[in-house]
Amino acid sequence: MKIQMTVNGADTSADVEPRLLLAHYLRDTLGLKATNIGCDTTSCGACTVLMDGESVKSCTVLAVQADEASVQTMEGLSPDADSLHPMAAAFHAEHGLQCGFCTPGMVMAAVSLLEENPRPSEREVREGLEGNLCRCTGYHNIVRAVLVASGQDPDAVTGGGHAEEAASGGVEVAPGFSTGSGA
Amino acid sequence: MSIMGTRVIRTEDPLFLSRGATYTDDLTDERLIGALHLTLVRSPLAHARITSVAVDEARAAPGVVAVVTGAEVDMAPALLFGGANKAMVRSFLAADKVRFVGEPVVAVLTEEAYQGQDAADLVEVDYDPLPAVIDLHAAATDEVLLFEDAGTNTSNGFGLDAEFDEHLFDDCEVVVTREITNQRLAAASLETRAASAVWTDGRYTLWCSTQAPQSARDEVAGWLGVDSAQVHVITPDVGGGFGAKIGADPEFALVAWLARHTGRPVRWHESRSENMTGMVQGRSQAQTVTIGGNRDGDVLAYRLDVLADAGAYPRLGAVLPLFTRMMAPGVYDIGKVESRARVLVTTTTSIAAYRGAGRPEATAAIERAMDLFAAEIGKDPVEVRRRNLIKPEQFPFTTKGGAPYDTGEYANALDKVLDAAGYPELRAEQKARRERGEVVQLGIGVSVFVEITGGGAFSEDAAVEVHPDGTVTVLTGTSPHGQGHATAWAMLASEHLGIGLDKITVKHGDTDLVPRGSGTMGSRSLQTGGVAVYQAAGELVELAKQRAADLLEANADDLDVADGRVSVRGTDSGVTLAQLAESEPLRVDTNFDSGAPCFPFGAHLAVVEVDVESGKAVVDRIITVDDAGPVLNPVLAEGQRHGGIAQGISQALLEEVVYDEDGNPLTATFADYAFPSAAELPSFTLLDMATPTHVNPMGVKGIGEAGTIGATPAVQSAVIDAVSHLGVRHIDMPTSPLRVWTAINAAAVEGAQ
Amino acid sequence: MIPVGFEYVRPDSVDGALALLAEHGEDATILAGGHSILPVMKLRLAAPELVIDIGRLAELNYVRVDGDGDDSWVAIGAGTRHRTVESSDVVAAEVPLLAAVARTVGDPQIRHRGTLGGSLAHADPASDLPAAVLALGGTVVLRSPRGERSVPITGFYTGVFSSVKEPDELIVEVRVPRTGAGSGWAYEKFTRRANDWAIVAVAVVDGRVGMVNMGPTPLRASATEAALAEGASIADAAALADQGTDPTGDLTATKEYRRHLARVLTKRALTTAAGA
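No experiment lies behind these values; they were computed from the predicted model shown. The numbering scheme is per chain: residues are counted from 1 as the chain's sequence reads. All chains are assigned letters beginning with A, and all ligands numbers beginning with 1, in the order in which they are written. Whole-chain, interface and lining totals are the exception, using all residues; otherwise, since this is a predicted model, local features are given only for residues with pLDDT of at least 70 and side-chain atom pairs are given and counted only at 80 or more. Only hydrogens and water are set aside when side-chain values are computed; all heavy atoms of the structure are taken into account.

> Hey, could you run me through the overall build of chain C in this one?
Each helix and strand in chain C was counted, giving eleven helices and 14 strands. Atoms counted for the radius of gyration: C-alpha only. Globule rule: 2.2 Å times residue count to the power 0.38. Against the globule reference of 19 Å for 276 residues, chain C gives a C-alpha radius of gyration of 18 Å, in line with a compact fold. Counting only C-alpha atoms and orienting by the principal axes, one finds that chain C spans roughly 55 × 50 × 30 Å. A 1.4 Å probe rolled over the protein chains alone gives each residue an accessible area, and that area as a share of the maximum for its type sets the label: buried under 20%, exposed over 50%, partly exposed in between. Sorting the 276 residues of chain C into buried and exposed places 60% on the buried side. Contacts between residues were defined by any pair of non-hydrogen atoms, one from each residue, lying within 4.5 Å. Sequence-distant contacts in chain C: of pairs separated by 6 or more residues, those separated by 24 or more amount to 61%. Per-residue and other accessible areas follow the Shrake-Rupley method at a 1.4 Å probe size, with only the shown protein chains counted as cover for residues. Element-wise, carbon and sulfur atoms account for 50% of the exposed surface of chain C, whose accessible area totals about 9,800 Å². Of the charged side chains in chain C, 27 are positive and 34 negative, and the gap between their average positions amounts to 7 Å. By the criteria applied, helices consist of DSSP H or I runs no shorter than four residues and strands consist of E runs no shorter than two, each listed in order from the N terminus. When charges are counted, Lys and Arg are positive and Asp and Glu negative, with His and the chain ends excluded. Where a charge sits is defined by one atom per residue type, namely NZ (Lys), CZ (Arg), CG (Asp) or CD (Glu).

If you want it as structure tokens, here you go:
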């Protein structure tokens, strides 16, 4: 099937098998190798790219689904290594990457997160990145990087520590799984 | 001003953050143009005889170039760990028998990657199932043998020759014994395994994702039955290893063999589902700890009895109990210590190194034992620990396990974390919550640990060369996969040469360029390879001075090197290092051999909240001292600590590779194998402490594994502490909600009786 | 991992999709966001011959209030993405429970793609949204070339991954009663990790209780609801939450643990909803 999409601002097109995953279209058809594939189950987020401005896991999107869409990968964020996008620059400054494999997906998820929530708390950053796994950094410096990229001082933004601010008051429960109205 | 000890952000990152790194599967090397794609058909059964393999249909599938079975592979089955029982060899493709789910059986080579799975689905293998062997105690009975020729499931052992001393605990008022499990973990590096190979002019070129290219070269050459000179290993960027990518995997040799067999380049990149059964895993020990002492809190005797899992084919994991035994008494001065370990094969994925590799198992055991002992005599576990610590004036200290500890300030480390945490206030808060009967209880866990770094290989090569254009090349036998050597090693060279980091390139991972090296593992890089680079740069300075002395007609002793220039002290006379490199190469090749490992130490304090109704534990704070001696680059050292802490928390709370009784893996995807996202972790509090070692001239020790060694028992202990008032004494890791809830219920039933 | 090959069509209308479904029946599958079906296809647990992509049909993407006065409800197009549901002002004002539950589905990337209709159609007992719609007393609107029918969610599910939806039918709309922002509601989702499937979850709204993963389908805690209606205390009513349930045991939870969690989470959700 013939598809066309804008990738990092450039028009691309190809005749592809319907089963071709967007991640493979980017990597193999277009040769954009920054986007990595780390799992089979939509769990790790290494393949995260922006599709029409929103983060998606490109291993769980068919290339044909992205037909006529605008896609951005990490390569499209920064023109070159000397002029990094603010998010990439923050990852650099805060040592938000080690082996680098999760990084392209993590950076794109973080860009999408700030798009939806420009000044997140520490907890909101952590929950906003719940779809991206990193095995190297323990996330400590990734969280700092995203806070820096949002224009905040990571040393000042505690976001209430680890405890979640539940939508309801009153009931003492362990953090991480409560949502409610409190009527 | 010295660059050492300063916060230099990584020079490798701008590329990683713009174009991305280049991992093995990203390679566009022209030698790989037209490469075939390898898809492996893997065993769906844990233990079975192969009765037939039908490949005709697969051979006829679109794009298929070759389908290769075990009978066609002429590499001899290999013993993957030299110290194992000699009958426990693995075939590169199983022909007669499979011994774990995920063992490769048939190789399918296709023109396009997408054709591989389609063709592989058409391969039909018939199996005659055999009983699985999962439990270590069951394995030890030898009722079902994995290798009939071996006549036993015991691969090897440590300390098995002598009987335990039946009088070991005779002097003790109190003796506590318990079996605890150090569960099996998957390294789960985000990059799975990958290899590509081409065979040209009688030589194999193998690109692979490894932590140790030189040993990968030697292993692959050995398996192929060729000289090491006939194998050239190139390691592109590596997406994490954590011990599981030390050396080569059998699949790498298969890729190389297939490249020669087909006459085409071959590429292989496994899926995550394959990785979760195919790549080596870590830990997996059944430990029986016995600890004894008096009611004042003096620990007098300790025994550690280990059954260690080797998986189906013994690999590096079979030797790691050596470290577990060596580090058994940890930071404590215990009069009588004995230990032994039996290494057993089971019908599971092979066990090898995983961050900490033998030492977290030792620390988890002794720290758990200290808690159990403290609980039994009704004393604060922190005070019991403090009372038994080896004192600073006792160093150098050789333990009953035979470990020659270099330096240690254990009590200081403990005090630092207690002070930073506000230990008395935490205990008061815990008491208040208990009195109020709150649903969310507080738990405090403390570990004091010592580990061994650079324990496997003490020697490392390095070369430093200044080029006529003023740039510098550093060659190292260490092999980073996220640690930041490109930055750190450049700092070491820059310190001596006074040349900026932007002009210094660190090269590694190409066995033609760096023929000797031991790679990056066991937290060894800085204390071996880093020191070697530092030494090489220092020697280069001396060489430059000698050359400049002739040129400048000065005494070498009157020369200084700064900013890449040799100058006569107190004059304007001088020559740049670059100029000195014009007439003949200005290069030093050197070797550093420490001759001994280091024993870094620290203390971790974890504060967890446990919901006693649901059993869910959440880490609220973790505060750590990880003393690795002087720190070259705090940014990198902190990063190593962060990552290790996260993995330690994860072992304590979440992770476990699980098999059912038939040997089917139940955690073979990232949906089922739970390691944390950012949402499950807090930010970490790191405290500084730097006690130098004397085993290398920089005084530096390893830092890579401290987190998994210190954090794991601290968090486990904190979870148990949170529910100890309900009568709970122990919960195996991972302390999952189900396990915590079950333990609370069991304690309630016990308490009612 | 990649799917088995298939044909792909992207009809430009619901009617076009229905015609294709009618023609190909069980050999075809509907693809909206793809976050239920594509993972299954990649693992080769499903291999449809035809994939019908309805992901771009604007006629399935809306959130609005339909009906008049007391007889009005919130109508959500089946193709509406979780992200839209969680951030919709209409949903926030009229059925805040649904927005809160949508916010707990998967992770942000999944919520950018996954759809309400897809989640309901997949019929996974571990899914969040079916139990929420159940607690809300919602209705699923199915359309086929034979016509349109409305099925109360209470009668929609028949088992694990199965419902009364015929092979030629498509979920086109989900209707939920307006509870208003002032209603008492809560969602208690118990997981190991933030983006894991629920081990157990409980949705409460106006005294109705929907449970996730307590049986082959989403379930109402009928005994709890009845006890509440008769004036029982929250603690007493919640203690009945697992009555009549038959949860499975797996890696993360035994049957008995799930039953316990259902009681605990129900108590917490009811307490939160009551504003206590």
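> Just to check I follow, could you spell out the sheet that holds strand β9 (residues 194-200) of chain B for this structure?
Within a sheet, adjacent strands bond to each other through the backbone by hydrogen bonds, running parallel or antiparallel. Residue and element names in this part refer to chain B. Two strands qualify as a pair provided that DSSP identifies no fewer than 2 bridges between them. What the seven strands build is an open sheet, ordered β3-β5-β1-β12-β9-β10-β11; its pairing is mixed. The sheet terminates laterally at β3 (64-69) and β11 (231-234), the two strands that pair on one side only. Strand-to-strand, the axes of this sheet are offset by a mean angle of 20 degrees, without reference to chain direction. Pairing geometry for β3 and strand β5 (residues 104-110), over five bridges, is antiparallel. Among the inter-strand pairings, A66 is bridged to a residue of β5, identified as L109. Here an axis means a line fitted to C-alpha atoms, over the contact stretch when the element is a helix, while the angle between two N-to-C directions is reported on a 0 to 180 degree scale.

> Just to check I follow, could you spell out the interface of chain B and chain A for this structure?
Accessible area lost during the coming together of the parts is what is often quoted as the interface size. Each side of the interface is counted separately: chain B has 65 residues, and chain A has 56 residues. Put simply, buried area is how much 1.4 Å-probe accessible surface two parts lose in total, over both of them, once they are put together. Carbon and sulfur atoms make up 59% of the area that chain B and chain A hide from each other, which totals about 4,900 Å². Interface area lost by chain B to chain A is led by B:L17, B:Y114 and B:L190, which between them contribute 17%. Every case where a carboxyl oxygen of Asp or Glu lies within 4 Å of a side-chain nitrogen of Lys or Arg is listed as a salt bridge. Where chain B touches chain A, the interface holds four salt bridges. Between B:D118 and A:R19 there is a salt bridge; the shortest N-O distance is 2.6 Å. Distance and chemistry together define a polar contact, namely a pair of N or O atoms within 3.5 Å, with one atom able to donate a hydrogen and the other to accept it when in protein, and with adjacent residues in sequence counting only for side-chain atoms on both sides. Remark: the boundary between chain B and chain A carries 28 residue pairs in polar contact (both at pLDDT 80 or more).

> Would you mind showing me how to read empty space enclosed by the protein here?
Unfilled space is identified by rolling a water-sized probe across the atoms. A cavity, in this analysis, means grid points on a 1 Å lattice covering only the protein atoms where a 1.4 Å probe fits yet has no way out; a pocket is instead an open set bounded by protein on both sides within 12 Å along at least five of seven lines, and a residue lines either one if it has an atom within 4 Å of a point. Grid points are joined across faces, edges and corners, and a volume is the space filled by probe spheres set on the points. With the rule as written, the count across this model stands at eight cavities of 30 Å³ or more. What the largest cavity holds in volume is close to 60 Å³. As for the largest cavity, its lining consists of A:C134, A:R135, A:C136, A:T137, A:G138, A:Y139, B:G643, B:A646, B:Q647, B:S650, B:F675 and B:P676. Tallied by class, residues from the lining of the largest cavity come to six nonpolar, five polar and one charged. The classification used treats Ala, Val, Leu, Ile, Met, Phe, Trp, Tyr, Cys and Pro as nonpolar, Asp, Glu, Lys and Arg as charged, and all other residues, Gly among them, as polar.

> It is not clear to me how the pattern of salt bridges should be interpreted in this structure. Could you clarify?
Note on pairing: side chains with opposite charge can pair once their charged atoms come close. By the definition in use, this model includes 83 salt bridges over all chains. Note that C:R56 is salt-bridged to A:E68, the shortest N-O span being 3.3 Å. Placement of C:R56 in the loop between β3 (50-53) and β4 (63-68) and of A:E68 in the loop between β4 (54-57) and β5 (70-72) is noted, with the two residues assigned to different chains. In this structure C:R56 comes out as partly exposed when scored by relative accessible area, which is 37%. The class of A:E68 is exposed, set by a relative accessible area of 56%.

> Hey, could you run me through the domain arrangement of chain B in this one?
Residue and element names in this part refer to chain B. Start and end positions for the domains come from either an automated domain assignment or a database one. When the domains of chain B are assigned, the result is domain 1 (34-130), domain 2 (281-453 + 597-752) and domain 3 (456-593). Each partner contributes to the interface: domain 2 provides 18 residues, whereas domain 3 provides 16 residues. Summed over both partners, the interface of domain 2 with domain 3 comes to about 1,400 Å²; 70% of that surface belongs to carbon and sulfur atoms. The three residues of domain 2 that bury the most area against domain 3 are L632, L636 and M698, which together make up 39% of that side's buried surface. Where domain 2 touches domain 3, the interface holds zero salt bridges. At the boundary of domain 2 and domain 3, one finds four residue pairs in polar contact (both at pLDDT 80 or more). Of the residues assigned to the side of domain 2 that touches domain 3, the class counts are nine nonpolar, six polar and three charged.

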